[in-house]
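# Observations on the three-dimensional arrangement
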Amino acid sequence: MPAITFVHANGNSDRIDASDGESAMQAPTHYGLDGILAECGGDAMCATCHVYLDDAWLAWLQAVGDDEDALLESTAAERRPNSRLSCQVRITPALDGLVLRLPERQV
Ligand code: FES
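Residues numbered from 1 in each chain as written. Predicted model: local features only at pLDDT ≥ 70, side-chain atom pairs only at ≥ 80, totals over all residues.

### Re the overall build of the protein
Defined as follows: Secondary structure elements follow DSSP: runs of H or I of four or more residues count as helices, runs of E of two or more count as strands, with numbering from the N terminus. For the radius of gyration, the atoms used are the C-alpha atoms, and the globule rule reads 2.2 Å times the number of residues raised to 0.38. Residue burial is a threshold on neighbouring C-beta atoms within 10 Å of the residue's own C-beta, all placed from the backbone, with 20 or more meaning buried, 12 or fewer meaning exposed, and counts in between meaning partly exposed.
For the protein, the helix and strand inventory stands at 2 helices and 5 strands. In the protein, the order of α-helices and β-strands from amino to carboxyl end is β-β-α-β-α-β-β. Relative to the globule expectation of 13 Å for 107 residues, the C-alpha radius of gyration of the protein, 12 Å, shows essentially globular dimensions. Its C-alpha atoms give the protein principal-axis dimensions of roughly 30 × 30 × 25 Å. Looking at the protein as a whole, 29% of its 107 residues qualify as buried.

Following this line, the structure appears as structure tokens:
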């Protein structure tokens, strides 16, 4: 199982085991982690699953799609070059060790 680390805005972190094929939004919500609201349930309609990727991982992920790109313009916290919607990041074994940073707010 790929392990993903979520770093909260206060610097605390949680490492969880994700399943191959689930999204980086589903994995933490299964564990009850705070910091990702995912109000639309992963349908790319709410932007409340915003995360920042550590730069080292950007090249390992699929490109931002047009819908995700448009929705990233409406995140509550500032959009950065490494912003992604976690519901659009599909976990694969190659992402073992992925680090995602949570913004200060989702709404
Ligand atoms: S869960 Fe709504 S956009 Fe990701």
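### Concerning the sheet that holds strand S2 (residues 13–17)
Keep this limit in mind: Pairing between strands is defined by DSSP: at least two bridges between them are needed. Axis lines are fitted through C-alpha atoms, for helices just across the contact stretch, and the angle between N-to-C directions can take any value from 0 to 180 degrees.
Pairing in this open sheet of 5 strands is mixed, and the strands run S2-S1-S5-S3-S4 from one edge to the other. The open sheet is flanked by S2 and strand S4 (83–85), the only strands paired with a single partner. Averaged over all neighbouring strand pairs, the angle between strand axes comes to 35°, with direction disregarded. Direction of pairing for strand S1 (residues 3–7) relative to strand S5 (residues 98–101): parallel, over a ladder of 4 bridges. When the bridges of S5 are listed, valine 7 appears paired with arginine 101.

### Details of unusual backbone geometry
Positive phi outside glycine occurs at alanine 38, with the angle close to 55°. Topologically, alanine 38 is positioned in the loop between helix H1 (26–30) and strand S3 (50–53). Assessed through the 19 C-beta atoms surrounding it within 10 Å, alanine 38 is described here as partly exposed. The backbone phi angle of alanine 44 is positive, close to 55°, even though this residue is not glycine. Relative to the helices and strands, alanine 44 is located in the loop between H1 and S3. According to the C-beta neighbour criterion, alanine 44 is partly exposed, with 15 such atoms within 10 Å.

### Remarks on the environment of glutamine 26
Relative to the helices and strands, glutamine 26 is located in helix H1. Distance from glutamine 26 to cysteine 87, taken between C-alpha atoms, is 7.1 Å for residues 61 residues apart in sequence.

### Overview of the nonpolar core
Test applied: Here a nonpolar core is just a set of buried residues of the types Ala, Val, Leu, Ile, Met, Phe, Trp, Tyr and Cys, joined wherever their C-beta atoms sit within 7 Å. Here contacts are defined at the residue level, using C-beta atoms placed from the backbone and a cut-off of 7 Å between them.
Among the nonpolar cores identified, the biggest contains 20 residues, and Ile4, Ala24 and Leu100 are the most heavily contacted of them. Contributions of two or more residues to this core are made by S1, S3 and S5. When residues no more than four places from it in sequence are discounted, the contact partners of isoleucine 4 are Ile16, Ala18, Ala24, Ala27, Leu98 and Leu100.

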